[in-house]
Amino acid sequence: MEKNRTGALIDEQQICISCGFCCDNTLFDNAVLQPGEKGTLPEKMEESYIKIKNQEYFKLPCFYFNGKCSIYNQKKAHICSSFRCQLLKNFEAGKITQKDAIELVRQTKQTRVELLKEYQQISGKSEVLTFREILVALGKKQKELEKKASLSMEWEIFAAKCNIFESLLIKHFKSEEDFDKMMSTSEKGK
Ligand code: SF4
Ligand code: SF4
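With that settled, the discussion passes to the packing of aromatic side chains. The relation between two aromatic rings is expressed through the spacing of the ring centres and the mutual angle of the planes. The final tally for this structure, using the stated rule, is seven aromatic pairs. For the pair Phe63 and Tyr64, a centre-to-centre distance of 5.4 Å together with 85° between the ring planes defines the contact as edge-to-face. With centroids separated by 4.8 Å and ring planes inclined at 80°, the aromatic side chains of Phe131 and Phe165 adopt a geometry described as edge-to-face. Remark: Phe165 occurs in helix H7 (residues 153-172) and Phe131 occurs in helix H6 (residues 131-147); sequence separation between them is 34 residues. Looking at Phe131, the relative accessible area reads 2%, which means it is buried. In textbook terms, an aromatic cluster arises when at least three aromatic residues are bridged by ring pairs, as seen for Tyr119, Trp155 and Phe158.

Rendered as structure tokens:
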């Protein structure tokens, strides 16, 4: 029997609780704010406010993300309750089951863990970075290697793995519409 919308929303929440990629700096660098929201936001969101070319944002990872949203029942930014990624849209359209969506999130998290481990190994640093922070560190490393005109096979392979992971994120979690209207990445925003 088809579930009513409330049942479907509860099922979607279960997917989000297992995920958090739109809050934790896996998908996006910043989350967009509506005009006039500044001044009405939770304290730490106000502190991470930024404006880029007349568009207002708060920076990600969100301070309130701690495995899952820690202020779920409190007032948040409009984007927090309105954002729906491609995975949720696919789930709503019946293109993926809840079980498979949660499994996809689990596998994606596992790959992200492996990328972080590999970054730590080849950089010799033990710092724990988000995926988008890894991309920034990788970009710096590539520039540094270009200047020295030296090639490093392990960094090249790592960059290729990050590109593949980014493509999978785009395919499964981002949509063109979300990307343009609701969120920003540093490449677009700066
Ligand atoms: S990326 Fe999608 S599934 Fe994951 S928390 Fe955000 S809206 Fe939910
Ligand atoms: S307040 Fe909650 S839902 Fe909004 S970005 Fe932060 S962790 Fe995510």
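Having seen the structure, we can now continue with the description.
Turning to the site of ligand 1, a few remarks are in order. The local shell around ligand 1 consists of Ile15, Cys16, Cys19, Gly20, Cys22, Leu27, Phe83, Cys85 and Leu88. Each residue belonging to the shell around ligand 1 can be placed in one class, and the counts come to eight nonpolar, one polar and no charged.

Here we come to the site of ligand 2. All residues in the neighbourhood of ligand 2 are listed as Cys23, Met45, Phe58, Cys62, Tyr64, Phe65, Cys69, Ile71, Lys76 and Cys80. Within the shell around ligand 2, the residues separate by chemical class into nine nonpolar, no polar and one charged.

A separate point is the pattern of salt bridges. All chains considered together, the criterion is met by eleven salt bridges. Lys141 serves as the salt-bridge partner of Glu144, at 3.2 Å between the closest nitrogen and oxygen. Note that Glu144 and Lys141 are positioned in helix H6 at a spacing of three residues, about one turn of the helix. Measuring nitrogen to oxygen at the nearest pair gives 3.8 Å for the salt bridge that ties Glu144 to Lys148. Judged by relative accessible area, Lys148 falls into the exposed class, the value being 56%. A cluster of three or more residues bridged by salt bridges with shared partners is formed by Glu12, Arg84 and Glu92.

Moving on: the side chain of Thr108. Topologically, Thr108 is positioned in helix H5 (residues 98-123). A relative accessible area of 11% means that Thr108 is categorised as buried. For Thr108, the residues in contact, after removing those within four places along its chain, are Phe21, Phe165, Leu169 and Phe173.

This part takes up H6. An ideal rise of 1.5 Å per residue puts 24 Å on 17 residues; H6 measures up with 25 Å between its terminal C-alpha atoms. For H6, the complete set of buried residues consists of Phe131, Arg132, Ile134, Ala137, Leu138 and Leu145. Of the residues flanking the end of H6, it is Ala149, one or two places downstream, whose phi is positive at about 55°.

Reading the values: the criteria
- Residues numbered from 1 in each chain as written.
- Chains lettered and ligands numbered in written order.
- Predicted model: local features only at pLDDT ≥ 70, side-chain atom pairs only at ≥ 80, totals over all residues.
- Heavy atoms only, no water.
- Phe/Tyr/Trp six-rings, centres within 6.5 Å; stacked < 30°, edge-to-face > 60°.
- Helix = DSSP H or I, 4+ residues; strand = E, 2+ residues; numbered from the N terminus.
- Buried < 20%, exposed > 50% of the residue type's maximum accessible area, 1.4 Å probe, protein only.
- Near = heavy atom within 4 Å.
- Nonpolar A, V, L, I, M, F, W, Y, C, P; charged D, E, K, R; others polar.
- Salt bridge = Lys/Arg side-chain N within 4 Å of Asp/Glu carboxyl O.
- Contact = heavy atoms within 4.5 Å.
- Expected span 1.5 Å × (residues − 1).

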